Amino acid sequence: MHIAVDLDNTVLDATSAHLHYYNMASGLSFTPDDVNDFFIYRLYGWDQAERESIYHTYGHDIHWNSSPLPMAVEILQQLFSQHQISIITARPLLFREVTIEWLKCHKINYHNIVLIENKLQQCIDSKVDVLIDDGPHYAEEFALVNKPVILYEQPYNRSVVANDFVYRASNWMEVKQHIDNLESKRI
Ligand SMILES: [Mg+2]
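Residues numbered from 1 in each chain as written. Predicted model: local features only at pLDDT ≥ 70, side-chain atom pairs only at ≥ 80, totals over all residues.

Looking at the sheet that holds strand β6 (residues 130-133)
One open sheet holds the six strands; their spatial order is β5-β4-β1-β6-β7-β8, and the pairing between them is parallel. Of all the strands in the sheet, just β5 (112-115) and β8 (166-169) have a single pairing partner and so form its edges. Recorded for the sheet is a direction-independent mean angle of 20 degrees between the axes of neighbouring strands. When strand β1 (residues 2-5) meets strand β4 (residues 84-89), the two strands line up parallel, connected through four bridges. Residue pairing across strands places His-2 opposite Gln-84, the latter belonging to β4. (Pairing = 2+ DSSP bridges. Helix = DSSP H or I, 4+ residues; strand = E, 2+ residues; numbered from the N terminus. Axes fitted to C-alpha atoms, helices over the stretch in contact; angles between N-to-C directions.)

Considerations on the domain arrangement of the protein
Structurally, the protein comprises domain 1 (2-13 + 68-186) and domain 2 (14-64). One C-alpha centre belongs to domain 1, the other to domain 2; they are set 22 Å apart. Of all elements in the fold, only β2 (12-13) and α4 (96-105) reach the threshold of two or more residues within the side of domain 1 that touches domain 2. Per-element tally for the side of domain 1 that touches domain 2: the top contributor is α4, with three residues. (Domains from an automatic or database assignment.)

This is the structure we're talking about:
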C-alpha cells in the first residue's frame, strides 16, 4: 500500500514543543491539558500574523526538539519494509531541512516527503491508499471522498466520528492493526 504519514502530533509530540517555545515567547504557562484546539496558537490569543512571526522565530527549535510518540519509530520501520511511505506535512518549506534532519536523526525511513497544505489533492495525485493524521479537518475532507484516514487521537479531534473511512487510533500499535486490516481487505 501507499501510506501517507503526517508528522506533528502523529509521529511526534508537537504539542509539548510548541507550548515550551510559545510559553517562552508570551510569558504564559500553558500545559498540554489546556490544548483543545488543533491550532495551538489560538490559546495565546494571537492572530495569524503574530503567530507567523513567532513560529518563524522558534519553528526550527520547535521542530528539532520534538520527541517521537511511543512506538512510532519502531512501527514506521516495520511499515517501511512492506509499504511505500510518504511523509506529508503541512509545515512550510522554510522548515524542510530541519524536518529531514530530524527524521534522519530519529532513524525514520521513508520513500518520499512533501511539505504541502492541500493534503487531499496531494494524496489523490500520488495515489495514496491511506493517510495517518491527527487533523480533524483532514479526516472530514478524506471521508467525504471515500478515502481512508487513520485518525491519530488528540484532544481536539474527539468530535470526529469514526465511520467506514475514518479509523481511530490512540497509539501506534492501533495504527499498525488498522494498516494490517486494510491490507487484508485488498487481497
Ligand atoms: Mg498533524
